[in-house]
Every structure is written in C-alpha cells, then in structure tokens.
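Understanding the architecture of this molecule
One-letter residues, chain by chain:
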Amino acid sequence: MLKSLKRILPVLLLLQASIVSAESSHKVGFVNVPLIMKNSPQVAAIEEGLKQEYLSRNEALDSRREQLKELEAQLKDSGSLSFEERTALERKVLTERRRLKEATSELDEDIAFKKTDEQNRLRVLIAETIKSIATEQSIDLVFEAAVVHASERADISNQVLERMQAAYEADKGKPAGK
C-alpha cells in the first residue's frame, strides 16, 4: 500500500498543481496613460479650443498692457507736469497695474479650471476606451501606474491611442454639442 501511495501521490500533486495553475492564469495589460495624454489628438483639440475660447480676453489684456506701457512712458517723461498731475498719473499707473494683474490672474484661473475640466473628460474617455479594449481581448487586469516593466504583449497603449484617434476622427465631422 505504501508503494502504491508513493506512486500515486506525485501524480495527484501534479494534477492538483495543474488545476490550480489553470484556475489562476489571468491576462494582464498595461496602459501608459501619460503617453496617451501627450499623444492623443483630443489633447491638441483641447489646447486649440482653449486658445480660441479665451482669444478675445487675451487680446483685451494685450491691449491693456500696451496702454499701461504708454502711461509708464508718459510718467517717465513727466518732467514738465505739475506735482498734482504727476501724482495723478502715478496713481493711474499703479491702479492700472493692479487691475491688469487681477485680470490676468482671473484669466489664468479660468483657463486652468476649464483645462482641468476638459482633461477630466479626457481621462473618462481614456478609461472607457481601456475598458472596451480589455473586454474585447478578455484582459482581466489593466495597470496604468506603478509598473516597473511591461512587455510589448501586455502594453495596450498603442491600441488605446489608435482607438482614441478613430474616435476623434469620427467626432470631427459632428457639430460640437456640449
């Protein structure tokens, strides 16, 4: 009996190991999200959209900067002005500097807020694209950060970029409806 147990035990252990191995095999993928955020056409579209959306405000600020330079030049050449006129001009320059600084800061904050909002929408699109590819390819787990190494077989970043490019091209012909 002991001899037959010695023969059967290794076979049983091997059988158990193969069953555990078959149950625990998972397909894993990796996505380089910073690469996608850098190279997707949606990012360039966001940047161009922000530039166009805030173009008139930027131009108005540029115009105000030019006016401030003219006031500063007048102040510099104010040797013929009376004390009161010079003081009034100094106040006007200081007031305009402060207002210009506030307006510039407000514009920068508006642009940053809008850019963050658009990037969050893009992150949602990236996540949906990743999920779609993972489902299609039966990938059980997809990593996007804290990966030391990912083989080309596991890296689905290019597939995500291609899918995002196709989505961008498909949406290009449609009217923007936000």
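Description of the structure in this document.

Reading the values: rules and limits
- Residues numbered from 1 in each chain as written.
- Predicted model: local features only at pLDDT ≥ 70, side-chain atom pairs only at ≥ 80, totals over all residues.
- Heavy atoms only, no water.
- Helix = DSSP H or I, 4+ residues; strand = E, 2+ residues; numbered from the N terminus.
- Buried < 20%, exposed > 50% of the residue type's maximum accessible area, 1.4 Å probe, protein only.
- Contact = heavy atoms within 4.5 Å.
- Core = buried A, V, L, I, M, F, W, Y, C linked by side-chain atoms within 4.5 Å.
- Salt bridge = Lys/Arg side-chain N within 4 Å of Asp/Glu carboxyl O.
- Expected span 1.5 Å × (residues − 1).
- Arc of directions from axis to C-beta.
- Axes fitted to C-alpha atoms, helices over the stretch in contact; angles between N-to-C directions.
- Parallel < 35°, antiparallel > 145°, perpendicular 65-115°, else oblique.
- Left-handed = near helix turned anticlockwise from the far one by under 90°.
- Nonpolar A, V, L, I, M, F, W, Y, C, P; charged D, E, K, R; others polar.

**Things to note about the overall build of the chain**
When helices and strands are counted, the chain shows six helices and two strands. When the 178 residues of the chain are sorted by exposure, 22% land in the buried category. The long-range share in the chain, meaning contacts at least 24 apart out of those at least 6 apart in sequence, stands at 85%.

**Here we look at the nonpolar core**
Val31, Ile36, Leu122, Ile126, Ile156, Val160 and Met164 are the most contacted members of the largest nonpolar core, which has 27 residues in total. Where this core is concerned, the elements lending two or more residues are α2 (33-39), α3 (41-53), α4 (55-76), α5 (83-136) and α6 (157-172). Not counting residues within four places of it along the chain, the set of residues in contact with Ile126 comprises Ile36, Met37 and Met164.

**Structural notes on unusual backbone geometry**
With the exception of glycine, the majority of residues adopt a negative phi angle, and the majority of peptide bonds are in the trans configuration. Positive phi, close to 55°, is recorded for Ser138, a residue that is not glycine. Along the chain, Ser138 turns up in the loop between α5 and β2 (141-143).

**Some remarks on the pattern of salt bridges**
For the structure shown, the criterion picks out 13 salt bridges. Between Asp117 and Arg121 there is a salt bridge, with its nearest N and O atoms 3.3 Å apart. Here Asp117 and its partner Arg121 are both found in helix α5, four residues apart, which amounts to about one turn of the helix. Glu136 is paired through a salt bridge with Arg163; the nearest N and O atoms lie 2.8 Å apart.

**Some remarks on the environment of Ile126**
Within the element layout of this structure, Ile126 appears in helix α5. Residues Ile126 and Val160, 34 residues apart in the sequence, show an inter-C-alpha distance of 7.5 Å.

**What about α6?**
The end-to-end C-alpha separation of α6 is 22 Å, in line with the 22 Å expected for 16 residues at 1.5 Å each. Every buried residue of α6 is accounted for by Ser157, Val160, Leu161 and Met164. The arc enclosing the buried residues of α6, seen along the axis, measures out at 100°, which places them on a common side. For α6, exposure combined with an orientation more than 90 degrees from the buried face picks out Asn158 and Glu162.

**Quick word on the packing of α4 against α5**
Contact geometry for α4 and α5: axes closest at 10 Å, N-to-C directions at 160°. Relative to α5, α4 is oriented roughly antiparallel. The two elements α4 and α5 meet at a crossing, and its hand is left-handed. Among the residues making up the contact of α4 with α5, the classes are represented as nine nonpolar, three polar and 12 charged.

**Some points on the side chain of Thr104**
Structurally, the position occupied by Thr104 is in helix α5. Sequence-distant contacts of Thr104, that is, excluding residues within four places in its chain, are made with Leu61 and Arg65.

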